[in-house]
Amino acid sequence: MTSLPVARPPHLLHDLLTFRTTPSPFIRPPHLLHDLLTFYATSSPFARPSHLSRDLLTYRATYSLRVPLQLCCGGAVSTQLITNSLDCCAGQSFDQREQICCAGRLFNRTDYDTCCGGQPIVHANQLCCGCQALPRSLNMRCCGVATYDRRSQFCCKDTVYDDADYDYATYQRLACCESTPYDRQTAGCCRKEIYNLAEEACCLGTLNNRTTEGALYCCGRNLIVLNNQGCCGNKIYNRTTEICCGGQVSDRGDATRCCGVYPHNPVRQLCCLGNVIESSSRNERCCGDKVYDVERQCCRAFRHILTGVACGFFNKYGDFLL
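Residues numbered from 1 in each chain as written. Predicted model: local features only at pLDDT ≥ 70, side-chain atom pairs only at ≥ 80, totals over all residues. Heavy atoms only, no water.

1. Some words on the overall build of the protein chain
Phase 1: In terms of helices and strands, the protein chain carries four helices and 34 strands.
Phase 2: Residues classed as buried in the protein chain amount to 27% of the 322 residues present.
Phase 3: At a minimum sequence separation of 6, the contacts of the protein chain that also span at least 24 residues come to 6%.
Phase 4: If you sum the accessible surface of the protein chain, you get close to 21,200 Å²; carbon and sulfur atoms cover 52% of it. (Helix = DSSP H or I, 4+ residues; strand = E, 2+ residues; numbered from the N terminus. Buried < 20%, exposed > 50% of the residue type's maximum accessible area, 1.4 Å probe, protein only. Contact = heavy atoms within 4.5 Å. Areas by Shrake-Rupley, 256 points an atom, 1.4 Å probe, with all protein chains shown as cover.)

2. Notes on the state of the cysteines
Phase 1: Inspection of the entire model under this criterion finds 16 disulfides.
Phase 2: The disulfide partner of Cys 89 is Cys 101, and the S-S distance across this bridge is 2.0 Å. Here the disulfide of Cys 89 and Cys 101 is right-handed, its torsion about the S-S bond being about 70°. One end of the pair, Cys 89, is in strand 3 (residues 86-89); the other, Cys 101, is in strand 5 (residues 99-102), and twelve residues separate them in sequence.
Phase 3: Of the residues examined, Cys 101 reaches a relative accessible area of 24% and is grouped as partly exposed.
Phase 4: Cys 88 supplies the cysteine sulfur nearest to Cys 72, a cysteine that is in no disulfide, at a spacing of 7.3 Å. (Disulfide = S-S within 2.5 Å.)

3. Details of the environment of Leu 127
Phase 1: Position of Leu 127 among the secondary structure elements: in strand 9 (residues 126-129).
Phase 2: For the pair Leu 127 and Met 140, spaced 13 residues apart in the sequence, the C-alpha separation amounts to 8.5 Å.
Phase 3: Leave out the neighbours within four places in its chain, and Leu 127 touches Gln 132, Ala 133, Leu 134, Pro 135, Arg 136, Met 140, Arg 141, Cys 142 and Thr 147.

4. Some points on the environment of Asn 275
Phase 1: By the element assignment, Asn 275 lies in strand 30 (residues 275-278).
Phase 2: Each C-alpha atom of the pair Asn 275 and His 264 lies 9.5 Å from the other, and the pair is eleven residues apart in sequence.
Phase 3: Beyond its immediate chain neighbours, meaning those up to four positions away, Asn 275 contacts Cys 259, Leu 270 and Asp 289.

5. Points about the side chain of Asp 183
Phase 1: Its place among the elements puts Asp 183 in strand 16 (residues 180-183).
Phase 2: For Asp 183, a relative accessible area of 12% puts it in the buried group.
Phase 3: In this structure the side chain of Asp 183 is engaged in a polar contact, spanning 2.7 Å, whose partner is the side chain of Arg 173.
Phase 4: Setting aside chain neighbours within four positions, we find Asp 183 in contact with Thr 170, Arg 173 and Leu 174. (Polar contact = N/O pair within 3.5 Å; in protein donor to acceptor, adjacent residues only side chain to side chain.)

6. Thoughts on unusual backbone geometry
Phase 1: Look at Ala 90: it is not a glycine, yet its phi comes out positive at around 55°.
Phase 2: Non-glycine residue Cys 131 carries a positive phi angle of around 65°.
Phase 3: Summarising the element assignment, Cys 131 is placed in the loop between strand 9 and strand 10 (132-135).
Phase 4: A relative accessible area of 57% means that Cys 131 is categorised as exposed.

Shown next, in the form of structure tokens:
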């Protein structure tokens, strides 16, 4: 390759960029780029890395904008730049910078930036409510095919309510039950029906009357009283005569605790890995799911019950003696 004459970097860059508009039959772009890099590496004592990066980025941007791409639309091939401005609209190619496609029809873009019901609209100035273009303002929102002001109106399932129907405090607590607003402080919504919180309770979609005094809460689909009833899973049980263990209701008897799913009285029974075992001596302890006598036996590895000399260096409580 012919050595480069003494020249300033911008000259090389100018030649490189000029080639993209006026190709030379004797030289290819990579050679020009190589010469530019060589010049910075060997011939320019004044060049800094920032100069090289800036000039190469300028070349890359100019070079890339002229790389052709193709688009297949409606059986025809169109050529576009790398900016990807071309697109298809009902089998017809168009430039997205100049036109907009709405429901298969082309419109001149002007200020339009989106579509509504097959027509172009300006998003900053219009709302699309139910495929209808309506004027937009700061606090306007869609309510079905209409708009409402969220500062002074309320929308429930495509129905607009004015705040004239409610005082300001109530308006802040409104919620929707289907298409009807209600005050969440005094009412609730149970399966599309509004009810009074003071008189009824909604339990899994079933309304129950609050006929009994006291603090009430739901257990499954039913309402229970806290002071004499309990909830076991979704079942109501009498906490005086019954006990809930592991989601199962059993007769309480003299049980005060649970052992897995079984009632358990720790005074006369042992709970060994979920098994209730009657205890006949205070010396009995659990060894896994079995019982052993600590005066005569020992438990090794929490599974094996040994007797007498077989206990080795273990004391009567199963502890290893050093």
